[in-house]
Amino acid sequence: MMANVSAHTTTCRSCGTAPAPGSPLGLCPLCLTARMLDGGEDEPEIAAPEAAAEAAWFAKYDLTGEVARGGMGSILRARDRKLGRTVAMKMMRLEAAASAEARQRFAREALVLARLEHPNIVPIHEMGRDADGHPFYTMKLVEGETLQAVLNRLVEADPTTLREYTLDRLLAIFRKVCDGIAFTHDRGIIHRDLKPDNVMVGRFGEVLIMDWGLAKFVEPSVASPQPPLTDAGTQIIRKDAPRHPRGWSDPEFRMVNADVTLDGEVMGTPRYMSPEQARGLVDRLDHRSDIFCLGAILYSILTLRPPVEGKDLEEILLNVAKANITPPVALTATRSTSVRDAARAPEPSSPRIVRVLRLPHCPNGRVPAALSAVAMRALARKPEERYQSVAALAADIEAHQGGFATSVEQVGALGQLWLWMKRHKTLSLSSAVIFVLSVGFVIKVMASERKATHNAELASQNAREARLEASNARKAELAARREQEETRRALAKSRIGHPTAPRSEAHPT
């Protein structure tokens with residue numbers, strides 16, 4: 001914010017209402033916005049002191065270089081001599097400052113950032129004008145890179161990036177973005193330009209949502225009065241109007257980069273905007289439009305490419321309006337086609353042809369089916385078919401990372417058992433080892449029992465055979481004795497039947 005001119009101001013210096021504590025220039029938010037837009041011409045009695053004060057505030061910064069450049073302004077690196085810190089300063093470009101709509105959007109972005117104090121939303125420090133009357137504001141300088149830059153290096157299969165930015169870490173970054181947007185929606189504000197280029201990833205794990213120039217107030221509250229900011233230049237399509245906004249057939253309109261934020265009839269970034277946003281239905285935009293954009297970011301994280309393709313801007317906007325999006329799981333991984341090679345190749349001539357990609361940051365080079373289903377639900381064409389809150393979307397991502405089934409999956413008992421085993425790998429491995437050892441022990445015991453039984457049966461059989469042999473031996477012995485006795489009796493009978501047979505001589509007594 002700008003420095004406070006009067007610390008004891010109890011009423012707005014313009015309208016007389018009570019300003020918020022610490023309000024810059026002693027003005028309420030509505031009068032402050034008007035002051036930023038009209039340049040102070042309507043308040044001649046205080047314009048000169050304010051201009052001098054604002055110039056003095058600007059003079060305390062030393063500009064050391066440009067960090068980034070956008071369609072409306074530039075981000076400069078500046079050093080605050082008073083506090084001894086380096087900040088980021090956003091200043092309007094000279095050509096943009098001449099447009100009342102651009103000044104309005106610039107002021108709205110600063111006011112939105114002032115209302116959104118969240119760890120994942122870049123904080124604003126001061127707001128003012130330079131000596132030439134050009135508005136500026138300072139904010140935290142984030143040392144890092146955009147999420148799009150990370151995805152670009154993954155497309156090139158950079159080994160360091162692949163080690164550092166695994167799919168799990170990218171999903172953690174995405175959840176932080178969801179946290180910031182959920183907070184924004186709770187404050188009655190939608191971003192309308194969410195894309196990987198507007199997500200900053202700091203060197204120490206910070207994740208900050210940037211570029212709030214298209215932010216829209218959808219649910220004003222008493223605690224946070226809504227300034228009179230409108231979407232000037234945005235066309236609302238009538239029911240009897242064509243299905244696409246005017247100007248799509250303009251050759252100059254086609255030449256616009258599809259990754260750059262558009263102004264005018266269609267506001268946002270074509271490859272990441274929602275169908276209702278692409279059709280210019282501004283009155284129908286709500287928090288579910290941001291959910292579509294979050295789904296587009298998730299799609300890019302999974303596939304390393306935007307969800308919508310096209311040979312020119314007109315085709316891209318038509319595909320967005322119709323939600324012609326290939327499910328991430330359909331991009332089956334192979335060893336033949338890399339994301340980098342696919343990015344350099346021309347688009348398929350037929351929309352039914354699905355380019356096959358190798359995704360090095362995904363497990364086994366494939367997009368998990370559960371995450372593909374989550375992304376496609378967020379990217380549903382009709383708002384009522386999408387997630388109805390950012391919290392629900394983030395909950396499914398958290399469930400997947402935790403090893404649980406998401407709300408879009410149809411998982412049976414076996415699937416739940418498999419997910420449980422994946423969640424408790426150590427316990428599952430220990431249980432599996434114990435089970436294998438137990439099964440092996442049981443099998444060994446059963447084998448021993450079978451062997452013992454077999455040996456017992458064999459011993460019993462041998463004993464029976466031995467007894468049988470002994471019985472046979474006894475029978476043979478008895479038969480031999482009977483035969484011997486019969487022979488003796490036969491000899492005796494033969495002697496009795498032949499009396500002439502010589503007798504043995506008797507020995508004298």
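Trainee: Sorry if this is basic, but what is going on with the sheet that holds strand β5 (residues 135-140) here?
Mentor: Across a sheet, strands are paired by hydrogen bonds formed along the backbone, either parallel or antiparallel in direction. If you walk across this open sheet you meet the five strands as β1-β2-β3-β5-β4, and the pairing is antiparallel. Unpaired on one side and paired on the other, β1 (61-69) and β4 (124-129) mark the two borders of the sheet. Within the sheet, the average angular offset between the axes of one strand and its neighbour, ignoring direction, is 30 degrees.

Trainee: How should helix α5 (residues 147-155) be read in this particular structure?
Mentor: Side chains three or four residues apart in an α-helix point the same way, a direct result of the helix having 3.6 residues per turn. Looking at α5, one finds that the buried residues are Leu 147, Gln 148, Val 150, Leu 151, Leu 154 and Val 155. Angularly, the buried residues of α5 cover 155 degrees about the axis, an arc narrow enough to put them on a single face. Positioned one or two residues after α5, Ala 157 has a phi angle of 60 degrees, which is positive.

Trainee: Looking at this model, I keep getting lost on the packing of helix α7 (residues 167-186) against helix α14 (residues 390-401). Mind explaining?
Mentor: Each pair of packed helices can be described by the angle between their axes along with the distance between the axes. Close contact between α7 and α14 brings their axes to 9 Å; oriented N to C, the two are set at 160 degrees. Classified by the angle their axes make, α7 and α14 are roughly antiparallel. Crossing of α7 over α14 shows left-handed handedness. Seen from α7, the contacting residues are Asp 168, Leu 171, Ala 172, Phe 174, Arg 175, Cys 178, Ile 181, Ala 182 and His 185; seen from α14, they are Val 390, Leu 393, Ala 394, Ile 397, Glu 398, His 400 and Gln 401. Its residues assigned to classes, the contact of α7 with α14 shows ten nonpolar, three polar and three charged.

Trainee: How do you make sense of the environment of Ile 397 when you look at a structure like this?
Mentor: Examined against the element boundaries, Ile 397 turns out to sit in helix α14. Judged by its relative accessible area of 0%, Ile 397 is buried. Ile 397 sits 222 residues away from Arg 175 along the chain, and the two C-alpha atoms are 7.4 Å apart.

Trainee: How should unusual backbone geometry be read in this particular structure?
Mentor: With glycine set apart, most residues show a phi of negative sign, and most peptide bonds adopt trans. In this structure, Leu 304 takes a positive phi of about 60 degrees despite not being glycine. Take Leu 304: it is sitting in the loop between α10 (287-303) and α11 (313-322). On the basis of relative accessibility, which here comes to 9%, the residue Leu 304 falls in the buried class.

Trainee: How should I be thinking about the confidence of the model for the protein in this particular structure?
Mentor: Averaged over every residue, the pLDDT of the protein is 75; residues scoring 70 or more account for 65%. Segment residues 36-49: pLDDT under 50, and 15 contacts once partners within four positions in sequence are set aside and those in other chains are kept. The model gives residues 220-257 a pLDDT under 50, and that stretch makes 73 contacts with residues more than four places away or in other chains.

Trainee: Explain α11 to me, please; I cannot follow it from the model alone.
Mentor: Turning to α11, its buried residues are Leu 313, Ile 316, Leu 317, Asn 319, Val 320 and Ala 321. Immediately beyond the C-terminal end of α11, within one or two residues, lies Ala 323, with a positive phi of roughly 55 degrees.

Trainee: It is not clear to me how the environment of Arg 271 should be interpreted in this structure. Could you clarify?
Mentor: Mapped onto the elements, Arg 271 comes out in the loop between α8 (251-254) and α9 (275-278). A residue is classified by how much of its surface remains accessible, and Arg 271, at 15% relative accessible area, is buried. Measuring from C-alpha to C-alpha, the distance between Arg 271 and Asn 319 comes to 9.2 Å, with 48 residues separating the pair along the chain. Polar side-chain contacts of Arg 271 include one of 3.3 Å to the backbone oxygen of Val 308. Side-chain polar atoms of Arg 271 contact the side chain of Glu 309, separated by 3.4 Å.

Trainee: Explain the nonpolar core to me, please; I cannot follow it from the model alone.
Mentor: Most often, soluble globular proteins have nonpolar side chains that are buried together. Grouped together as the largest cluster of nonpolar side chains are 65 residues, with contacts concentrated most on Phe 174, Trp 212 and Leu 294. Among the elements that line this core, the one with the most residues is α7, at nine residues. The contacts of Trp 212, once residues within four sequence positions are left out, are Glu 109, Val 112, Leu 113, Leu 116, Ile 121, Ile 181, Thr 184 and His 191. Counting 14 residues, the second-largest nonpolar core is a separate cluster that includes Ala 278, Tyr 299, Leu 331 and Leu 379.

Trainee: Would you take a moment to explain the packing of aromatic side chains for this structure?
Mentor: Each aromatic ring pair is described using two quantities: the centre-to-centre distance and the angle formed by the ring planes. The final tally for this structure, using the stated rule, is two aromatic pairs. Aromatic pair Tyr 61 and Phe 136: ring centres 6.4 Å apart, planes at 75 degrees, arrangement edge-to-face. Of this pair, Tyr 61 sits in strand β1 while Phe 136 sits in strand β5; the two residues are 75 residues apart in sequence, bridging distant segments of the chain. One exposure class covers both Tyr 61 and Phe 136, and it is buried. Geometrically, the ring pair formed by Phe 106 and Tyr 137 is tilted, given 5.2 Å between the ring centres and 50 degrees between the ring planes.

Trainee: Explanation requested: the side chain of Glu 276 in the structure shown.
Mentor: The residue Glu 276 is located in helix α9 in this model. Excluding residues that lie within four positions of it along the chain, Glu 276 makes contacts with Leu 281, Leu 285, Ser 289, Arg 381, Pro 383 and Arg 386.

Trainee: Help me out: how do you make sense of the pairing of strand β3 (residues 85-92) in this one?
Mentor: Note on strand geometry: in a regular strand, side chains alternate between the two faces of the sheet. Most of β3 sits out of view: six of its eight residues are buried. Here strand β2 (residues 73-80) runs beside β3; their pairing, made up of eight bridges, is antiparallel. The partner of Ala 78 across the bridge, within β3, is Val 87. Where β2 folds back onto β3 in an antiparallel hairpin, the turn is made up of four residues, including Gly 84, whose phi is positive at roughly 65 degrees. Here β3 pairs with β5 via five bridges, running antiparallel.

The rules behind these values
Residues numbered from 1 in each chain as written. Predicted model: local features only at pLDDT ≥ 70, side-chain atom pairs only at ≥ 80, totals over all residues. Heavy atoms only, no water. Pairing = 2+ DSSP bridges. Helix = DSSP H or I, 4+ residues; strand = E, 2+ residues; numbered from the N terminus. Axes fitted to C-alpha atoms, helices over the stretch in contact; angles between N-to-C directions. Buried < 20%, exposed > 50% of the residue type's maximum accessible area, 1.4 Å probe, protein only. Arc of directions from axis to C-beta. Parallel < 35°, antiparallel > 145°, perpendicular 65-115°, else oblique. Left-handed = near helix turned anticlockwise from the far one by under 90°. Contact = heavy atoms within 4.5 Å. Nonpolar A, V, L, I, M, F, W, Y, C, P; charged D, E, K, R; others polar. pLDDT = per-residue confidence, 0-100. Polar contact = N/O pair within 3.5 Å; in protein donor to acceptor, adjacent residues only side chain to side chain. Core = buried A, V, L, I, M, F, W, Y, C linked by side-chain atoms within 4.5 Å. Phe/Tyr/Trp six-rings, centres within 6.5 Å; stacked < 30°, edge-to-face > 60°.

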